[in-house]
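The chain contents come next:
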Amino acid sequence: EHIDILNYASEMADYILLFGDNYKIAKQSIVNEKCQHFNEKLDLFNFLTEIITNNSDKLAVLVKGSRGLKMEEIVEMIKKEYK
């Protein structure tokens, strides 16, 4: 399912930033330069900050993840940085 999600997302998104073991494994099964996996949330956020800075006029950000990954931490970082 994770591979299917990545393939679908790659048709819609310019950037796909991944976190978590399931997406790390899924990314190995596809060849897509849009997808980048991060082992640390702070690294993902820092990369996202670069994207936002360079594309702020036309950017939508979707944060999706299981409750176990606590992706709301990324949402809180975004809110704090871009109030």
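Thresholds, definitions, all that
- Residues numbered from 1 in each chain as written.
- Predicted model: local features only at pLDDT ≥ 70, side-chain atom pairs only at ≥ 80, totals over all residues.
- Heavy atoms only, no water.
- Helix = DSSP H or I, 4+ residues; strand = E, 2+ residues; numbered from the N terminus.
- 1 Å grid on protein atoms, 1.4 Å probe; cavity = no way out; pocket = protein on both sides within 12 Å on 5 of 7 lines; lining within 4 Å.
- Points joined across faces, edges and corners; volume = space filled by probe spheres on them.
- Nonpolar A, V, L, I, M, F, W, Y, C, P; charged D, E, K, R; others polar.
- Salt bridge = Lys/Arg side-chain N within 4 Å of Asp/Glu carboxyl O.
- Buried < 20%, exposed > 50% of the residue type's maximum accessible area, 1.4 Å probe, protein only.
- Core = buried A, V, L, I, M, F, W, Y, C linked by side-chain atoms within 4.5 Å.
- Contact = heavy atoms within 4.5 Å.
- Pairing = 2+ DSSP bridges.
- Right-handed = clockwise from strand over helix to strand, strands pointing away.

Enquirer: Whenever I open this one, unusual backbone geometry confuses me. Can you help?
Expert: Excluding glycine, most residues fall at negative phi; most peptide bonds, likewise, are trans. Even without glycine at this site, K70 takes up a positive phi of about 55°. On the secondary structure map, K70 appears in the loop between helix 3 (41–55) and helix 4 (72–81).

Enquirer: Just to check I follow, could you spell out the layout of surface pockets for this structure?
Expert: Over the atoms, a rolling probe the size of a water molecule traces out where space has been left empty. Approximately 1,000 Å³ is the volume attributed to the largest pocket. Around the largest pocket, the lining is made up of 34 residues, and of these Y15, I16, L17, L62 and V63 lie nearest the centre. Looking at the lining of the largest pocket, the elements with two or more residues in it are helix 1 (2–12), strand 1 (16–19), helix 2 (21–27) and helix 3. Broken down by element, the residue count for the lining of the largest pocket peaks at six residues, all from helix 1. In terms of residue class, the lining of the largest pocket is built from 23 nonpolar, six polar and five charged.

Enquirer: I'm lost on the pattern of salt bridges in this one. Help?
Expert: Side chains that differ in charge, positive against negative, can pair when their charged atoms come close. Taken as a whole and judged by the stated rule, the model has three salt bridges. Taking the shortest distance from any N to any O, the salt bridge between K41 and E73 comes out at 2.7 Å. In this pair, K41 is assigned in helix 3 and E73 in helix 4, connecting sequence segments 32 residues apart. For E73, a relative accessible area of 35% puts it in the partly exposed group.

Enquirer: Before we go on, may I ask you to explain the nonpolar core in this structure?
Expert: The nonpolar side chains of a soluble globular protein tend to be buried, and buried together. In terms of nonpolar packing, the biggest core is built from nine residues, these being F19, F38, L44, F45, L48, I52, M71, I74 and I78. Those elements giving two or more residues to this core turn out to be helix 3 and helix 4. When residues no more than four places from it in sequence are discounted, the contact partners of F45 are I74, M77, I78 and E81.

Enquirer: Help me understand the pairing of strand 1, please; the structure alone is not making it clear to me.
Expert: Working note: regular strand, side chains alternate between the two faces of the sheet. Here four bridges tie strand 1 to strand 2 (residues 35–38), and the two strands are oriented parallel to one another. Paired with F19 across the two strands is F38, which belongs to strand 2. In the classification by handedness, the crossover that spans strand 1, the intervening helix 2 and the parallel strand 2 is right-handed.

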